[in-house]
There are 2 protein chains.
Amino acid sequence: MDDAQTAPATAHGTSQQTPKHLVIVGAGFAGLSLAKALKDPNLRITIVDQRNHHLFQPLLYQVATTILPTSDVAWPIRHLFKNRRDVTTLLAQVTGIDTVARRVDLKNAAPLHYDLLALATGARHSYFGHDEWEAAAPGLKSLEDATTIRRRVLSAFEQAELSTDPAERAALLTFVVVGAGPTGVELAGIIAELAQEILPKEFRHIDTHQARVILVEAGPRVLPAFPPDMSDYVQTALTKLGVTVMTGTSVSDVSDQGVAVGTEQIPARTTIWAAGVTASPAAQWLHVPADRAGRVLVNPDLSVPGHPDIYVIGDTASVKQANGQQVPGLAPAAKQQGAFVAKVIKARLDGKTPPPAFLYRHAGNLATVGKRAAVADFGRVKLKGPLAWWLWGIAHIYFLIGTRSRLAVALSWLWSYVTGRNSARLITQRDVYSNKR
Amino acid sequence: MDDAQTAPATAHGTSQQTPKHLVIVGAGFAGLSLAKALKDPNLRITIVDQRNHHLFQPLLYQVATTILPTSDVAWPIRHLFKNRRDVTTLLAQVTGIDTVARRVDLKNAAPLHYDLLALATGARHSYFGHDEWEAAAPGLKSLEDATTIRRRVLSAFEQAELSTDPAERAALLTFVVVGAGPTGVELAGIIAELAQEILPKEFRHIDTHQARVILVEAGPRVLPAFPPDMSDYVQTALTKLGVTVMTGTSVSDVSDQGVAVGTEQIPARTTIWAAGVTASPAAQWLHVPADRAGRVLVNPDLSVPGHPDIYVIGDTASVKQANGQQVPGLAPAAKQQGAFVAKVIKARLDGKTPPPAFLYRHAGNLATVGKRAAVADFGRVKLKGPLAWWLWGIAHIYFLIGTRSRLAVALSWLWSYVTGRNSARLITQRDVYSNKR
């Protein structure tokens, strides 16, 4: 046991005896890639996260829709660094940052003193000023979100089987997904597959084929980040699966009774929010300017203006590409930013000139519609259909972290594909928002 | 969609046109084996359970101790009967039974009318009149119980890593298991293995080797259902793993600060209850006599005295063996009772003489201590050590329900055994006792 945690940091000087202390807040793709890429005898690293696991968010929608169990897409952070004696992991919630005292304040724990600080706290759903919609329309960012959505979707079918009121049954069998980016498209596609292919033989009082899945998008087409012909292809695939796609349609109200679009009220007991994200409160902690989505406006080297020892990376940072466009909130972008800051800090520790500016290399966009259709856009190369689907699967397995998870996810998918059975159809926890231990 | 659910039952007469309606409450081992063994053109079956899954309880402690993910030990009930058109599954809570009107009342759903009724509602933990201990010392009966215990155990290590108060750290690193039956022994063994072998490399401020696991048993030895030399062997194995075994020791108080045994107060933040069970409220629903543990006193054919159309099976029934001893609350006993009542009902439907009395065949007792030791008692054949351990593993894999789960559990175990990594170390849900949707 040591007391390094609470010892005053050596904020000044570069003594070879006392390593500098880098605190990384958030162990998503950005924070994790920074810690993994950075190892120096003159540096000790503390990772602080409010959860005990790193989450492979691109597959989270498959947990929400019963394809994968939670343990296939998340790993204990401290386990990932068990052989890195220079890395300490703390499960704690950050309550504020004092940039003058160089201190990170934690809830129910002693504060941390830092020499260098990296904020990689990600993003949350944005309800565009209607936070009261969240209770009725959960978004999909955490494992708890995923199991909440899974529980609500499965419970809706169960309650419909029990109900004797036709209107109530219809509302229970109506699923509204708000937002037609990749997550919204993937959620709508799998819920439709559940209703059309997986559940029909299991119910006696309801016909799950009659379930309605409605995908609502304010913009003119689904998958706005893809080329228009790919949007058309995906919209056709969704329609074939029985999904009602409503583009150019804004949601004006959400409650546990349904969703209002314009003057129309859609009675629905299950609504899922996949429409917008907002950055975590890093900008407020630092008292620095943010963009409209709450992201910190950073320097080209991802440091914070006026705070050369603080970096902001991943979905919490607002970074411009050379073409003037925003770096997208994608896993590869977050990883690249983490790796870039690792290089910057390494150069600084070595007394060398750090690389001056982060350059984003766009790898491509991928999206799937159930087991049927997929689109892959790599700029010059664009793919649709089965080849894109397999590519999507291989890419996602490749980027999973642990060897076993790759194998486990591959087996879960193969099983689900060959037998038509899903492996994670459990309704468990009843409530995830309360704060009792 | 049909209205069978609410139609008045044909309580009298044996018309070939209208099948009789058997309602089975509870889809544990007893209820499931009854439904599986019973198929007759003159019978329709409704299974009611307050959860959507059947649970393989003998492996639940491995979910609680991070070895297995939840989806390896539970399966959606309706999925198990998807090819049985005569079986309807309802996710609902029973609130009472009217034996005169032959009606099962459900919470938030229309009541069910029955011709034949089987109650297989299992057991819950018993705190011997101290229900106020439950919040501090959860038992292990449901998936939620297992994830609650997993969360508390893992969170205790996390909080100890954050704590700077030595007394607080010591209390956080003290784990008390109350009751040294197979579940208590297995829980204590795996928590000790976690602390001694799996977690040490992952923490920087605490030495998890210093964690204390205390197994408290009121009786004179661990595993009272086994022969004394096996108890000795298991107690030695536990002690080698670092578990403090306190036999002949009664718990006099439990709180979130610790456990009182006699005049001694053991400061501990994590206590797990594995001491006693009490039957579900079937006897109260029926207004019939029960034994001290709340189990319904049934006839030799497992029907309820005065209610020839109602059967009580599994942990909810109090059944005497030929030797005068109580049939034990084990999975094989529950399965045998379900299969027996299937024969009785089948004979009644066919107008034949049903078998007069249930006869329990004891298959044996098995228990393990981590990955080290195991005992198997088959009466004449008694085994200790590695052979018993492998036998235990094979037996449990064999009795798992789905093909995939057998494979999945075998892979999870093999992985955990070969690599020393556990696959289910996620802290998820925050609270499972509240009733919000």
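This is a predicted model, so every value here is computed, not measured.

Caption draft 1: Examining a nonpolar patch on the surface more closely. On the surface, Leu407 and Leu411 of chain A together with Leu407 and Leu411 of chain B cluster together into a nonpolar patch covering about 320 Å² of accessible area. Of all the elements in the fold, those that place two or more residues in the nonpolar patch are helix H11 (403–419) of chain A together with helix H11 (403–419) of chain B. Turning to its location among the elements, leucine 411 of chain A is positioned in helix H11. The class for leucine 411 of chain A is partly exposed, based on a relative accessible area of 32%.

Caption draft 2: Broad picture of the packing of aromatic side chains. All names here are of chain B. Counted under the stated rule, the structure contains 16 aromatic pairs over all chains. On the numbers, 5.7 Å between centres and 70 degrees between planes, the contact of phenylalanine 340 with phenylalanine 358 is edge-to-face. Here the residue phenylalanine 340 occupies a position in helix H9 (residues 331–349), and phenylalanine 358 occupies one in the loop between H9 and strand S23 (365–369), the gap between them amounting to 18 residues. Owing to a relative accessible area of 9%, phenylalanine 340 belongs among the buried residues under this scheme.

Caption draft 3: The arrangement of helix H7 (residues 228–240) of chain A in detail. Residues and elements named next belong to chain A. Spanning 13 residues, H7 covers 18 Å between terminal C-alpha atoms, matching the ideal 18 Å at 1.5 Å per step. Regarding H7, the residues found buried are Met230, Ser231, Val234, Ala237 and Leu238. Buried residues of H7, seen end-on, are gathered within an arc of 125 degrees and therefore sit on one face of the element. Just beyond H7, the residue with positive phi is glycine 242, at close to 100 degrees.

Caption draft 4: Examining the sheet that holds S23 of chain B more closely. Residues and elements named next belong to chain B. Read from one edge of the open sheet, three strands run S23-S24-S25, paired in antiparallel fashion. Bordering the open sheet on either side are S23 and strand S25 (381–384), each of which pairs with just one other strand. Ignoring which end each strand starts from, the neighbouring axes of this sheet average 5 degrees apart. Relative to S25, strand S24 (residues 373–378) is paired through four bridges, and the arrangement is antiparallel. In the sheet register, phenylalanine 378 faces S25, and the bridge partner there is valine 381.

Caption draft 5: Summary view of the pairing of strand S11 (residues 174–178) of chain B. Residues and elements named next belong to chain B. Burial of S11 is extensive: five of the five residues sit out of reach of the surface. Here S11 shows no split at all, with Thr174, Val176 and Val178 on one side and Phe175 and Val177 on the other all buried. Where S11 meets strand S12 (residues 212–216), five bridges bridge the pair, whose relative direction is parallel. Note on S12: the bridge partner recorded for phenylalanine 175 is valine 213. Assessed by its sense of winding, the connection that carries the chain from S11 through helix H6 (residues 182–198) to S12 is right-handed. Pairing of S11 with strand S17 (residues 270–273), which is carried by four bridges, proceeds in the parallel orientation. Along S17, the bridge assignment pairs valine 178 with tryptophan 273.

Caption draft 6: Geometry of the sheet that holds strand S21 (residues 307–312) of chain A. Residues and elements named next belong to chain A. Pairing is mixed across the open sheet formed by six strands, whose spatial order is S5-S2-S1-S9-S21-S20. The open sheet has two edge strands, strand S5 (87–91) and strand S20 (303–304), and neither has a second partner. Pairing between strand S1 (residues 20–25) and strand S2 (residues 43–49): six bridges, direction parallel. Considered in S2, the bridge of isoleucine 24 is made with isoleucine 47. Each of S1, S2, strand S9 (116–119) and S21 touches helix H9 (residues 331–349); the most contacted strand, S21, lies at about 155 degrees to it.

Caption draft 7: Looking closely at the UniProt feature "domain: FAD/NAD(P)-binding" (unreviewed entry) in chain A. Sites flagged by UniProt as "domain: FAD/NAD(P)-binding" (unreviewed entry) map to residues 21–338 of chain A. Taken end to end, residues 21–338 of chain A has its terminal C-alpha atoms 17 Å apart, with 28% of it in helix and 28% in strand.

Caption draft 8: Main features of the pattern of salt bridges. Scanning the entire structure with this criterion turns up 32 salt bridges over all chains. Glutamate 158 of chain B is the salt-bridge partner of arginine 78 of chain A, the closest N and O atoms lying 2.6 Å from each other. Highlighted residues: arginine 78 of chain A in helix H3 (residues 77–80) and glutamate 158 of chain B in helix H4 (residues 143–162), drawn from two different chains. Comparing arginine 78 of chain A with glutamate 158 of chain B shows no difference in burial state: the two are buried. Lysine 346 of chain A is the partner of aspartate 350 of chain A in a salt bridge, and the nearest nitrogen-oxygen pair spans 3.9 Å. Aspartate 350 of chain A gets classed as partly exposed once you look at its relative accessible area, which sits at 37%. A network of salt bridges, in which partner residues are shared, links Lys39, Arg84 and Asp86 of chain A.

Cut-offs used in this document
- Residues numbered from 1 in each chain as written.
- Chains lettered and ligands numbered in written order.
- Predicted model: local features only at pLDDT ≥ 70, side-chain atom pairs only at ≥ 80, totals over all residues.
- Heavy atoms only, no water.
- Patch = residues over 30% accessible without salt bridge, like charges linked within 9 Å, V, L, I, M, F, W, Y side chains within 5 Å.
- Areas by Shrake-Rupley, 256 points an atom, 1.4 Å probe, with all protein chains shown as cover.
- Salt bridge = Lys/Arg side-chain N within 4 Å of Asp/Glu carboxyl O.
- Helix = DSSP H or I, 4+ residues; strand = E, 2+ residues; numbered from the N terminus.
- Buried < 20%, exposed > 50% of the residue type's maximum accessible area, 1.4 Å probe, protein only.
- Phe/Tyr/Trp six-rings, centres within 6.5 Å; stacked < 30°, edge-to-face > 60°.
- Expected span 1.5 Å × (residues − 1).
- Arc of directions from axis to C-beta.
- Pairing = 2+ DSSP bridges.
- Axes fitted to C-alpha atoms, helices over the stretch in contact; angles between N-to-C directions.
- Right-handed = clockwise from strand over helix to strand, strands pointing away.
- Contact = heavy atoms within 4.5 Å.
- UniProt positions renumbered as here; feature names shortened; annotations may be inferred.

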